[in-house]
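# Fold and geometry: a report
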Amino acid sequence: MTSVAQPPPPSAELTVVHVPVSDPRVEPLIRELGEEYSARYGKDAHAELARYPDEEFTAPYGGVLLLLLERGEPVAGGAFRRYDATTAELKRIWTHSAHRRRGLARRVVAELEREASARGYRRIHLTTGPRQPEARGLYPATGYTPLFDTEADPEAIGPLPFEKHLPAEARTARSARTGKAADL
């Protein structure tokens, strides 16, 4: 059985909020991810952020975008979208450049996993770029299985896929709490 990613001890000052992409607090996430992707992959990297319509990260479409706020300011965030009927796809995992090395990405991943499980998803899928060693280390450390040859040159592979099966207990707990079956 795979466990949910273990975030660092919660800070009394960290708040999780679900927001639409249009929320002004999302701007640092979009800006910094665009800068990061461009620095690592070239000028056309901004296209990756525009690849999916914003509504795919909303509840009616099976997705979510969340931010971690510290004293009201966004310090980390991430999203998922519906990949298929039982699978959520993580996207846009971000930690503000001034707040790295604090375990915030683990916290974001754990929050996204909890939310995906509560919505009835059974599996998470994601890809990360071959020039993102931080992400390549984060996902296995939080229980994700690489779906590629980890000994191969990442540049020769392209996007690096990972998956994680979510524990059934969270879906069962939700059903018991609400008296409803899981959404999916």
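Residues numbered from 1 in each chain as written. Predicted model: local features only at pLDDT ≥ 70, side-chain atom pairs only at ≥ 80, totals over all residues. Heavy atoms only, no water.

## Observations concerning the side chain of Arg-81
The cut-off we apply is this: By definition, any uninterrupted DSSP run of H or I lasting at least four residues is a helix, any uninterrupted run of E lasting at least two residues is a strand, and each is numbered from the N terminus. The rule is simple: take the accessible area with a 1.4 Å probe, protein chains only, and divide by the maximum for that residue type; under 20% is buried, over 50% is exposed, in between is partly exposed. Any pair of N or O atoms that falls within 3.5 Å is considered a polar contact. Within protein, one atom must be able to donate a hydrogen and the other to accept it, and sequence-neighbouring residues count only if both atoms are side-chain atoms. Working rule for contacts: check all heavy atoms of both residues, and any pair within 4.5 Å makes them a contact.
Relative to the helices and strands, Arg-81 resides in strand β3 (residues 73–84). On the basis of relative accessible area, Arg-81 is assigned to the buried category, the value being 13%. Within the structure, Arg-81 has its side chain in polar contact with the side chain of Glu-56 (distance 2.5 Å). Those residues within four positions of Arg-81 in sequence are excluded, and the remaining contacts are Tyr-52, Glu-56, Phe-57, Gly-62, Gly-63, Thr-87, Ala-88, Glu-89 and Lys-91.

## Some details on the layout of surface pockets
Using the following cut-off: The pocket and cavity definitions rest on a 1 Å grid over protein atoms only: a 1.4 Å probe that fits but cannot leave marks a cavity, an open set with protein on both sides within 12 Å along at least five of seven lines marks a pocket, and residues lining either have an atom within 4 Å of a point. Grid points are joined across faces, edges and corners, and a volume is the space filled by probe spheres set on the points. Asp, Glu, Lys and Arg are counted as charged, while Ala, Val, Leu, Ile, Met, Phe, Trp, Tyr, Cys and Pro are counted as nonpolar; the rest, among them Gly, fall into the polar class.
The volume enclosed by the largest pocket comes to roughly 1100 Å³. Forming the boundary of the largest pocket are 38 residues, of which Ile-93, Thr-128, Gln-132, Ala-135 and Tyr-139 lie nearest the centre. Secondary-structure elements contributing two or more residues to the lining of the largest pocket are α1 (27–41), α2 (46–50), β4 (87–95), α3 (104–118), β5 (123–128) and α4 (133–141). Counted by class, the lining of the largest pocket contains 18 nonpolar, seven polar and 13 charged residues.

## Comments concerning the pairing of strand β7 (residues 160–165)
The line we're drawing: Note on pairing: two strands pair once DSSP finds at least 2 bridges between them.
Judged by how many residues are buried, β7 sits mostly within the fold: five of six residues are covered. The pairing of β5 with β7 spans six bridges and is antiparallel. Bridge assignment links Thr-128 to a residue of β7, and that residue is Leu-160. In this structure, strand β6 (residues 145–146) lies alongside β7, joined through two bridges in antiparallel fashion. Counted as the bridge partner of Pro-146 is Phe-162 from β7.

## Considerations on the nonpolar core
Our working rule: Think of a nonpolar core as a cluster: buried Ala, Val, Leu, Ile, Met, Phe, Trp, Tyr and Cys residues, connected wherever their side-chain atoms sit within 4.5 Å.
Judged by nonpolar contacts, the single largest core of 26 residues is most densely connected at Phe-80, Leu-90, Leu-112, Tyr-139 and Tyr-144. Of all the secondary structure elements, the ones that give two or more residues to this core are β2 (64–70), β3, β4, α3, β5, α4 and β7. Here this core gets five residues from one element, more than from any other, and that element is α3. If you look at the next biggest cluster of nonpolar residues, it comprises 15 residues, including Val-17, Tyr-37, Leu-69 and Ala-79.

## A look at the packing of α3 against α4
To keep things clear, this is the line we draw: Angles shown run from 0 to 180 degrees and are taken between the N-to-C directions of axes, each axis being a line fitted to C-alpha atoms and, for helices, limited to the stretch in contact. Any angle from 65 to 115 degrees is called roughly perpendicular, while one under 35 is roughly parallel, one over 145 is roughly antiparallel, and all others are oblique. Handedness of each helix crossing follows the sense of rotation of the near helix against the far helix: counterclockwise by less than a right angle gives left-handed, clockwise gives right-handed.
Where α3 meets α4, the closest approach of the two axes is 11 Å, and the angle between their N-to-C directions is 50°. Taken together, the axis directions place α3 and α4 in an arrangement best described as oblique. For the pair α3 and α4, the sense of crossing is right-handed. Of α4, the residues touching α3 (which contributes Ala-105, Arg-106 and Val-109) are Leu-138, Tyr-139 and Ala-141.

## Regarding the packing of aromatic side chains
Filter applied, for reference: Pairing of aromatic rings covers Phe, Tyr and Trp, the last counted by its six-membered ring, and requires centre-to-centre distances within 6.5 Å; plane angles under 30 degrees mean stacked, over 60 mean edge-to-face, and any other angle means tilted.
Scanning the model with the defined rule gives four aromatic pairs in all. Seen from their ring centres, Tyr-139 and Phe-162 are 5.6 Å apart, and the 50° between their planes marks the pair as tilted. You can see Tyr-139 sitting in helix α4 and its partner Phe-162 sitting in strand β7, a full 23 residues away along the chain. With respect to burial, Tyr-139 and Phe-162 carry one shared label: buried. Their ring planes at 85° and their centres at 5.3 Å tell us that Phe-148 and Phe-162 sit as a pair that is edge-to-face. Taken together, the residues span a long stretch of sequence, with Phe-148 in the loop between β6 and α5 (154–157) and Phe-162 in strand β7 at a distance of 14 residues. With relative accessibility at 14%, the residue Phe-148 sits in the buried group. One aromatic cluster is present, formed by Tyr-139, Tyr-144, Phe-148 and Phe-162 through successive ring pairs.

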